[in-house]
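Read off the chains here:
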Amino acid sequence: PEFNAQNIKWTTGLTFASIVQREAAGKGDMALIAGILWNRLNNNMYLGVDATLQYARGNVGAGWWAPIKVADKQIDSPFNTYTTKGLPPRPIANPGITAIEATLHPEQTDCLYYLHDNKKQIHCAVTYEEHQANIQKYLIDGQ
């Protein structure tokens, strides 16, 4: 009923929540990630989510959730949110209650980008340039 009250089809809500579930490093990240992903959808951006791409790619011998390679971003699949706008056709995981609640009550943010550092701390950015700086600071220099 709460999805309906917000004019969200329940299937859309569960698909969105499944992405939030897979992208979060923990329950504390879910509302922020949901806010950022809603911002991307509302700005007609590609979601560009690794979890959907991992789902599209499948198990490559290192498990379903092995790190993404640059070549993976060209996979032809409706689950590849780097090349297909909008949500994938179905959920990519089983969302928990916290992910569903985050989908319904996202954190209000101006951020469009995020990453997790090697300590699973989330860092968001408003611009792509800020995101690139976060990649350098937290993923490249921070290793």
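In what follows, the accompanying structure is described. Quick caveat: nothing in here was measured; it's all calculated off a predicted structure.

Cut-off values and rules
Residues numbered from 1 in each chain as written. Predicted model: local features only at pLDDT ≥ 70, side-chain atom pairs only at ≥ 80, totals over all residues. Heavy atoms only, no water. Helix = DSSP H or I, 4+ residues; strand = E, 2+ residues; numbered from the N terminus. Rg over C-alpha atoms; globule rule 2.2 N^0.38 Å. Buried < 20%, exposed > 50% of the residue type's maximum accessible area, 1.4 Å probe, protein only. Contact = heavy atoms within 4.5 Å. Areas by Shrake-Rupley, 256 points an atom, 1.4 Å probe, with all protein chains shown as cover. Phe/Tyr/Trp six-rings, centres within 6.5 Å; stacked < 30°, edge-to-face > 60°. Axes fitted to C-alpha atoms, helices over the stretch in contact; angles between N-to-C directions. Parallel < 35°, antiparallel > 145°, perpendicular 65-115°, else oblique. Left-handed = near helix turned anticlockwise from the far one by under 90°. Salt bridge = Lys/Arg side-chain N within 4 Å of Asp/Glu carboxyl O. Lys, Arg positive; Asp, Glu negative; His and termini not counted.

As for the overall build of the protein chain
Of the regular secondary structure elements, the protein chain holds 6 helices and 2 strands. Going from N to C terminus, the protein chain has its helices and strands arranged as α-α-α-α-α-β-β-α. Its C-alpha atoms give the protein chain a radius of gyration of 15 Å, within 12% of the compact-globule value 15 Å for 143 residues. With respect to the principal axes defined by its C-alpha atoms, the protein chain has extents near 45 × 30 × 25 Å. Here the protein chain holds 143 residues, and the buried ones make up 40% of them. A fraction of 57% describes how many contacts in the protein chain between residues 6 or more apart in sequence connect residues 24 or more apart. Approximately 8,100 Å² of the protein chain is accessible, and the part contributed by carbon and sulfur atoms is 51%.

Structural notes on the packing of aromatic side chains
Going through the model one piece at a time under the given rule, you end up with 3 aromatic pairs. Arranged with centres 4.1 Å apart and planes meeting at 15°, the rings of F16 and W38 form a pair that is stacked. Of this pair, F16 sits in helix 2 (residues 10-23) while W38 sits in helix 3 (residues 30-42), placing them 22 residues apart in sequence. The exposure class of W38 is buried, given its relative accessible area of 17%.

Structural notes on the packing of helix 3 against helix 5 (residues 97-104)
Geometrically, a packed helix pair is captured by the angle between its two axes and the distance between the axes. Following both chains from N to C, one finds helix 3 and helix 5 inclined at 45°, their axes separated by 8 Å at the closest point. The angle between the axes of helix 3 and helix 5 places the two elements in the oblique class. Helix 3 and helix 5 meet at a crossing whose hand is right-handed. Between helix 3 and helix 5, the residues in contact are M30, A31, A34 and W38 and T98, A99, A102 and T103, respectively.

Things to note about the pattern of salt bridges
In the structure shown here, the tally under the stated rule is 1 salt bridge. Across the salt bridge formed by D72 and R57, the nearest N and O atoms sit 3.0 Å from each other. In this pair, D72 sits in the loop between helix 4 (50-57) and helix 5 while R57 sits in helix 4, placing the two residues 15 residues apart along the sequence. Note on accessibility: D72 and R57 belong to one class, buried.

Some remarks on unusual backbone geometry
For N7, which is not glycine, the phi torsion reads 60° and is therefore positive. Positive phi, normally seen in glycine, also occurs at K120, with a value near 70°. Residue classification places K120 among the exposed positions, given a relative accessible area of 60%.

Brief notes about the side chain of R40
Looking at the element boundaries, R40 is found in helix 3. Buried charge without a salt bridge: R40, with E23 as the nearest opposite-charge side chain at an N-O distance of 6.4 Å. Residues in contact with R40, not counting those within four places in the same chain, are M45, Y46, L47, G48, V49, L112, Y113 and Y114.

Focus on the environment of A133
Of note, A133 is situated in helix 6 (residues 128-140). For A133, a relative accessible area of 43% corresponds to the partly exposed category. In this structure, the C-alpha to C-alpha distance between A133 and P106, residues 27 residues apart in sequence, is 25 Å.

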